[in-house]
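Listed here are the chains, written in short residue letters.
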Amino acid sequence: MDEVPVPRPPVRDQLLVRVAASSINGTDLGLLRGGMGVATMGRMPFTLGFDLSGTVEACGPDVTAFAPGDAVLALLDHGGGGQAELVTVRQSRAAAVPASVDLPRAAGLPLAGLTALQSLYRHAHLHRRPPDTRVLVVGATGGIGSFGVQLAALTGAHVTAVARSSALQAARDLGAHEVRSREDDMAGGERWDVVLDTPGTTSAAAAAALLREGGVLVSTRPVSRDAVLAHARLRRLPGGRRFTSVMTAARSEDLARLVRLVQDGRLHVPVDSVHTIDEAPQAYRRARSSPVGKVLVSITP
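How each quantity is defined
Residues numbered from 1 in each chain as written. Predicted model: local features only at pLDDT ≥ 70, side-chain atom pairs only at ≥ 80, totals over all residues. Heavy atoms only, no water. Pairing = 2+ DSSP bridges. Helix = DSSP H or I, 4+ residues; strand = E, 2+ residues; numbered from the N terminus. Axes fitted to C-alpha atoms, helices over the stretch in contact; angles between N-to-C directions. Buried < 20%, exposed > 50% of the residue type's maximum accessible area, 1.4 Å probe, protein only. Right-handed = clockwise from strand over helix to strand, strands pointing away. Contact = heavy atoms within 4.5 Å.

### Some remarks on the sheet that holds strand S11 (residues 242-245)
- Read from one edge of the open sheet, six strands run S8-S7-S6-S9-S10-S11, paired in parallel fashion. Each end of this open sheet is capped by a strand with a single partner; those strands are strand S8 (178-181) and S11. Taking each pair of neighbouring strands and ignoring which way they run, the sheet shows an average axis angle of 15 degrees.
- The pairing of strand S9 (residues 192-197) with strand S10 (residues 211-219) spans five bridges and is classified as parallel.

### Here's the deal with the pairing of strand S7 (residues 158-163)
- When you tally the buried positions in S7, you get five out of six residues, the bulk of the element.
- Handedness of the β-α-β unit built from strand S6 (residues 134-138), helix H5 (residues 143-154) and S7 comes out right-handed.
- In the sheet, S7 pairs with S8 via four bridges, with the strands oriented parallel. Its bridge partner lying in S8, Ala 163 is registered against Ser 181.
- Read from S7 through helix H6 (residues 168-174) to S8, the crossover connection turns out right-handed.

### Looking at the side chain of His 275
- Assignment of secondary structure puts His 275 in strand S12 (residues 271-276).
- Exposure remark for His 275: the relative accessible area of 13% places this residue in the buried category.
- The residues touching His 275, leaving out its near neighbours within four places in the chain, are Gln 282, Ala 283, Arg 286, Val 295, Leu 296, Val 297 and Ser 298.

### With respect to the pairing of S9
- Counting buried positions along S9 yields six of six residues, so the element is predominantly enclosed.
- Bridge count for S6 against S9 is four bridges, and the pairing is parallel. The partner of Val 137 across the bridge, within S9, is Leu 196.

### So, the environment of Phe 66
- Mapped onto the fold, Phe 66 is located in the loop between strand S2 (51-59) and strand S3 (71-75).
- The buried category is assigned to Phe 66, whose relative accessible area is 11%.
- In this structure, the C-alpha to C-alpha distance between Phe 66 and Asp 13, residues 53 residues apart in sequence, is 9.9 Å.
- Excluding anything up to four places from it in sequence, Phe 66 contacts Leu 15, Cys 59, Val 72, Gln 91, Ala 94, Ala 95 and Ala 96.

Any functional reading would require information that these geometric values do not contain.
Following this line, the structure appears as structure tokens:
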């Protein structure tokens, strides 16, 4: 814990937000491991946290969608800073949180929810596929996967979830029609129309074996050399199979869509545990232990 200067007053289209809660994502864990050095270059010490929910304290002169006192959630840029009492964020990266949605819990939605939504809808075009589309979600009870299972099921797809053995019931509770232990052999000839690979570990050969004709595998990891090679190999296969990765975009309209689903009771923000900011070390240890759902850090009451 450290005392840092209060952010400067918001300019242009910025919001100054008093943070209610943040959540821990793989990005935060990667930074703690010493990875992603470009993101922190020249910014040390670096305040973690890319998700937030809270209340608008002040608005820049160009803000049109929000006013002081509004409850919001947001996905911050590579500068992070969500695990602090106050933070500035552009209004295009935020969405309103209605009173019927629990504000601290909403902090678990931005990065994981957007990644799942954009993977399935913008990359796999799941909403345009037939209702009986077969979807495989690998890492189904993690932050991204838990939203992926729910969002896929909402389209009427048949969802198969892959998770560790102790979390299979949690995957069923999220709406999966079938479950597989991650220890199971997936090379049994079964194929899917859409594969959401949240650990980002599927090889080119495995991707080709998992996909039906016209199928797509979406990885949540940045495109690696293996992913590039996989994409090239899959393009040569008959049936138009594809391999791609998602670069999550902080789209206000997508955030608002997720919030509406939560408000309507159609999407659930699965929370593994909630920790105060003073308990941040325990929160990060929990986040490294493969929790079911999101680990939240409560900043202000």
